[in-house]
Amino acid sequence: MNDRQTSRIRRRINFDLVFGLLLLSVSLFSALFASLIAPLGSDAMNLADRLKPPGVDGHLFGTDAIGRDILARIPHGGQISLTVGFVSVAVSLVVGVGIGLLAGFYRGVLDVVLMRIADVQLSFPFILLAITVIAVIGPGLWKLIFVMALTQWVQYARMVRGQVLSLREQDAVQATRALGASDARIVLRHMLPNLIGPVIVLATLNVANNILLESGLTFLGLGIDPLIPSWGGMLADGRNYMQTAWWVATFPGLAITVTVLGFNLLGDWLRDRLDPLDQGRGHES
Amino acid sequence: MKAGIKLFSVLALTLGLGVALSQSPGPTGKLVIAQTQDPHSWDPIDTFLLSWGMVGSNIFDGLVDRGPDLKIKPGLAERWVFLKNNSVIRFTLRKGVKFQNGEDFDASAVKFTFDRLLGDEGAKGPQQANYTAIKDVKVVSKYIVEFNMSRPDPVIITKLAGYGAKIIPPKYYKEVGDEKFNNLPVGTGPFRPTEYVKDDHLTLEAFTGYWGGSPKVKTITYRFIPEASTRVAELQAGRADIVQGVPVSLASVVKGIGDAELVPVGTTTVTELRFNTSMKPMDDVRVRRAMIYAVDRDTIIKTILQGYGKPIASFQGEISWGFDPKLKPLPYDPAKAKALLAEAKVPSGTEVEIDFTDTDVQFREVAQGIAGYLQAVGLKVNLKTFEQNTYFSDIIPKNKTGHMYNFGWGGWTLDFDNTAYLLYHKDEYWNPVFSDPKVEALLEKERGTYNQKARQKSMQELARYLQEIAIEMPLYQGVNLWGMNKRVSGWVVPPDDRNRLVNVSVK
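Calculation criteria
Residues numbered from 1 in each chain as written. Chains lettered and ligands numbered in written order. Predicted model: local features only at pLDDT ≥ 70, side-chain atom pairs only at ≥ 80, totals over all residues. Heavy atoms only, no water. Core = buried A, V, L, I, M, F, W, Y, C linked by side-chain atoms within 4.5 Å. Buried < 20%, exposed > 50% of the residue type's maximum accessible area, 1.4 Å probe, protein only. Helix = DSSP H or I, 4+ residues; strand = E, 2+ residues; numbered from the N terminus. Contact = heavy atoms within 4.5 Å. Domains from an automatic or database assignment. Buried area = accessible area lost by both parts, 1.4 Å probe. Salt bridge = Lys/Arg side-chain N within 4 Å of Asp/Glu carboxyl O. Polar contact = N/O pair within 3.5 Å; in protein donor to acceptor, adjacent residues only side chain to side chain. Nonpolar A, V, L, I, M, F, W, Y, C, P; charged D, E, K, R; others polar. Pairing = 2+ DSSP bridges. Axes fitted to C-alpha atoms, helices over the stretch in contact; angles between N-to-C directions. Expected span 1.5 Å × (residues − 1). Arc of directions from axis to C-beta. Left-handed = near helix turned anticlockwise from the far one by under 90°. Phe/Tyr/Trp six-rings, centres within 6.5 Å; stacked < 30°, edge-to-face > 60°. Lys NZ or Arg CZ within 6 Å of the ring centre and 35° of its normal.

Draft legend 1. Summary view of the nonpolar core. Residues and elements named next belong to chain B. Ranked by internal contacts, the top residues of the largest apolar core, which has 67 residues, are Leu63, Phe91, Phe114 and Phe147. No other element matches helix H3 (residues 107-118), which puts 6 residues into this core. Not counting chain neighbours up to four residues away, the residues in contact with Leu63 comprise Pro74, Gly75, Leu76, Ala77, Phe91, Leu93, Phe105, Val110, Phe114, Phe147, Leu160 and Ile167. Counting residues in hydrophobic clusters, the runner-up holds 62 residues, among them Met282, Met291, Ile300 and Tyr373.

Laid out in structure tokens, this is it:
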């Protein structure tokens, strides 16, 4: 093995990737196997057992103010948080990439109209819009996902449109067109693969961002039903016990940190690998 | 003493008040109160909120007053007498009383106040409904007024100590208009509002010409902080002297603050889950009773409320006139609940919704506890939270609630009449859907007489009937927890949130 090969491997497998994947696998596996970790479900309540410290009576993470096992609620809460993260990003990604491709490829009136809609969308601060929309339509898991998708498709649309504008002028694409390829073929076979890298990076970081937003909104009472275990809701339950029963807020807080950090590290690593503009900066990390 | 004067002059200078030092020993010091809610209008006829009463009782007086001992005593009227077979009440007014703007208090102010309350302006607010038994107010002489009654109202004297009957200055009101009066009103009370920033704070200044003696504190600032842990943090940091609404979960934190103490006070306020009888399956009395049997309310009080609360059988506390010590709450009996649900053909997994306000951290726990019990008898529970003002001005009165919703009631007249009429009489603000001929009949019977024994009997019968048809799940009579910095002295904690601060001083 020569020096060049070693350094290439080192560049690929760095701290970001290893630690990111490690954190993510902890949170993904615990969410996937929530019913194994907590076979009794997350709702089992016993008022007589409220606010038991970690380790007492078999509650490894302690119990909350209603006497529910926190260890049982965290993986179930993870399912909610990850659902929100993945679904909201998937929806905004599909919508955003679609609109970006259309606008960039066909230009003209369509481009102007779509991008002005995007401008309008960009001018709303997310929290303000979320609070307004949720005040009108009421809180709930799917409504929250709807609001996130509503505000985030723009990021993808903008990015993809920009890429398409430059790609469509490239010789390879022009040649394909000259050879008589259909619009669909040009877009799907020649453009999409070339621009998907940065989109994936953005999506990964947005999953983390949306998990935080869900927690934040639920903490504010604008998100998910308090009965459904979600990390933000558990934090909100624990805020009054910060000084008397630290474990109620600490463990869901840690869960959020682990997951979000995992996604961010993975996103950073992906950016180093996939973003053409960042090529060559891999040495630095 | 010298230090005191020095401190006072520093305060006066820093506050830029330019108070003449020769006035000492006048009111000194600054008191900061953190309360849960901003009622958004300080006009007494626009409100029913306890958060108004906390402040308004320092700005205004009524003809009749009620102190922290909940006993009726003369206010701006020195005495009153019932005439002409109870159809006229004659009030003799206190002389020499001035409003905070210097305007004289006399019979014309009383007439103006009640004309406004009973007229178009009053019709816009929730207070008019309390005083409709008054036909009109007649000025007999400068210090004598007569109330002509259109029908008997056995609770009228108590009601005159209420928010809506606070006396306002006619000249000032006409001069500044309704909007300015909502923000910076003037009354005859010991403190005058000087600055109001919506949802942030209201500042009151001492009114040294107060008829009941000069207040001891110079400035009071009410800060509106909906978030309980923030209020407690402000007490911890010494930025609030009196903190309202300490949730049970933070009681031990307040106890642990060195220069503060926890002050619990039994209240007249009762808490319940009201059933929305217009929704299926809540239209079935068996289902409603099943809900009550399913929930172990005693355990909720003992654990989540840590004993700061008392079980109730009807929607009133022990000191309410009409309270029946023989009426017991329905017991906790999950087996019976299941049987009733089966009998009503409510399938397992039926969804029911419980609504409450998003800042109420205490009820958030109670609601989750109730949900746990309801889930144990096979129901699927959804909890839904609303913003406080939307909840009370839109969701409840316009019947947009789910199957059950959290409701609290101050019971300020200490008489079940007021509670029952506003909550169970058909088409009232707080009762958009429920109506029952027997309830209407009992209410009419009770309202038609000044015979207190007969009234009590009717109201006890009403409470029993309401329990039988299970219109609500009575939960508990509350204990309010206050946090107080030890530098505050002379404060008598009121059970009805009407926090009178004229005799309070700060070190």
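Draft legend 2. Structural detail: the domain arrangement of chain B. Residue and element names in this part refer to chain B. Parsing chain B into structural domains produces domain 1 (30-216 + 487-506) and domain 2 (267-479). Placing a centre on the C-alpha atoms of domain 1 and another on those of domain 2 gives a separation of 31 Å. Between domain 1 and domain 2, a total of about 1800 Å² is buried, with carbon and sulfur atoms accounting for 60% of that surface. It is Pro152, Pro154 and Val155 in domain 1 that bury the most area against domain 2; as a group they hold 26% of the surface buried on that side. Run the count over domain 1 and domain 2 and you get 0 salt bridges. Inspection of the domain 1/domain 2 interface yields 2 residue pairs in polar contact (both at pLDDT 80 or more).

Draft legend 3. Fine view of the environment of Ala294 of chain B. Residue and element names in this part refer to chain B. Structurally, Ala294 can be placed in helix H9 (residues 285-294). For the pair formed by Ala294 and Lys338, sequence separation is 44 residues and the distance between their alpha carbons is 7.9 Å. With residues up to four places along the chain from it excluded, the contact list for Ala294 reads Tyr332, Ala337, Tyr373, Leu374 and Val377.

Draft legend 4. Here's a closer look at the interface of chain A and chain B. At the junction of the two partners, chain A supplies 20 residues and chain B supplies 28 residues. Contact between chain A and chain B buries roughly 2200 Å² in total, counting both sides, with carbon and sulfur atoms accounting for 52%. Looking at the side of chain A facing chain B, the largest losses of area belong to Leu47, Leu227 and Asn240 of chain A, adding up to 28% of the total buried there. Seen at the junction of chain A and chain B, the total is 3 salt bridges. The shortest N-O distance in the salt bridge between Arg50 of chain A and Glu365 of chain B comes to 3.7 Å. Where chain A meets chain B, there are 9 residue pairs in polar contact (both at pLDDT 80 or more). Residues belonging to the side of chain A that touches chain B are distributed by class as follows: 9 nonpolar, 5 polar and 6 charged.

Draft legend 5. Seen up close, the sheet that holds strand E4 (residues 77-83) of chain B. Residues and elements named next belong to chain B. Reading across from one edge, E4-E5-E7-E6 is the order of the 4 strands in this open sheet, with antiparallel pairing throughout. The two strands at the open ends of the sheet, each matched to only one other strand, are E4 and strand E6 (134-141). Each neighbouring strand pair of the sheet contributes to a mean axis angle of 20°, computed without reference to strand direction. Judged from the 6 bridges that link them, E4 and strand E5 (residues 88-93) form a sheet pairing that is antiparallel. When the sheet's bridge partners are listed, Arg79 is paired in E5 with Thr92. Most of the contacts of H3 go to E6, to which it runs at about 165°, and overall it touches E5, E6 and strand E7 (144-149).

Draft legend 6. Summary view of helix H5 (residues 108-122) of chain A. All names here are of chain A. Its 15 residues give H5 an end-to-end C-alpha distance of 21 Å, which sits within 8% of 21 Å, the value for a rise of 1.5 Å per residue. Among all positions of H5, only Asp111, Leu114, Met115, Ala118 and Gln121 are buried. Along the axis of H5, the buried positions cluster into a sector of 105°, meaning they face one direction only. Where H5 is buried, its residues meet helix H4 (70-106), helix H6 (126-137) and helix H7 (141-167).

Draft legend 7. Structural view of the environment of Gln152 of chain A. Residues and elements named next belong to chain A. Summarising the element assignment, Gln152 is placed in helix H7. Its relative accessible area of 4% is what places Gln152 among the buried residues. Note: C-alpha distance between Gln152 and Thr257 (105 residues apart in sequence) is 22 Å. When residues no more than four places from it in sequence are discounted, the contact partners of Gln152 are Ser92, Asn206, Asn209, Asn210 and Leu213.

Draft legend 8. The packing of helix H14 (residues 416-424) of chain B against helix H15 (residues 437-447) of chain B, seen in detail. Residues and elements named next belong to chain B. Packing of H14 against H15 brings their axes to within 11 Å, and their N-to-C directions diverge by 145°. Between H14 and H15 lies a crossing whose hand is left-handed. Contacts from Asp417, Ala420, Tyr421 and Tyr424 in H14 reach Val439, Glu440, Leu443, Glu446 and Arg447 in H15. Of the residues assigned to the contact of H14 with H15, the class counts are 5 nonpolar, no polar and 4 charged.

Draft legend 9. Structural detail: the pattern of salt bridges. All names here are of chain B. Considering all chains together, one arrives at 38 salt bridges over all chains under this definition. Asp415 is paired through a salt bridge with Arg455; the nearest N and O atoms lie 2.8 Å apart. Placement of the pair is Asp415 in the loop between strand E16 (404-409) and H14 and Arg455 in helix H16 (residues 452-468), with a sequence separation of 40 residues. There is no split in this pair, since Asp415 and Arg455 are both buried.

Draft legend 10. Spotlight on the packing of aromatic side chains. Residues and elements named next belong to chain B. Counted according to the given criterion, the structure contains 32 aromatic pairs over all chains. Judged by centre distance (5.1 Å) and plane angle (80°), the rings of Tyr391 and Phe392 are edge-to-face. Taking the centre distance of 6.3 Å and the plane angle of 80° together, the rings of Phe392 and Trp430 count as edge-to-face. One end of the pair, Phe392, is in helix H13 (residues 388-395); the other, Trp430, is in the loop between H14 and H15, and 38 residues separate them in sequence. Within the aromatic cluster, the residues linked to one another by ring pairs are Phe48, Phe315, Phe386, Tyr391, Phe392, Phe407, Trp409, Tyr429 and Trp430. Arg116 extends its terminal NZ or CZ atom over the ring of Tyr173, reaching a point 4.5 Å from the ring centre. It is Arg447 that lies over the ring of Tyr421; its NZ or CZ is 3.7 Å from the centre.

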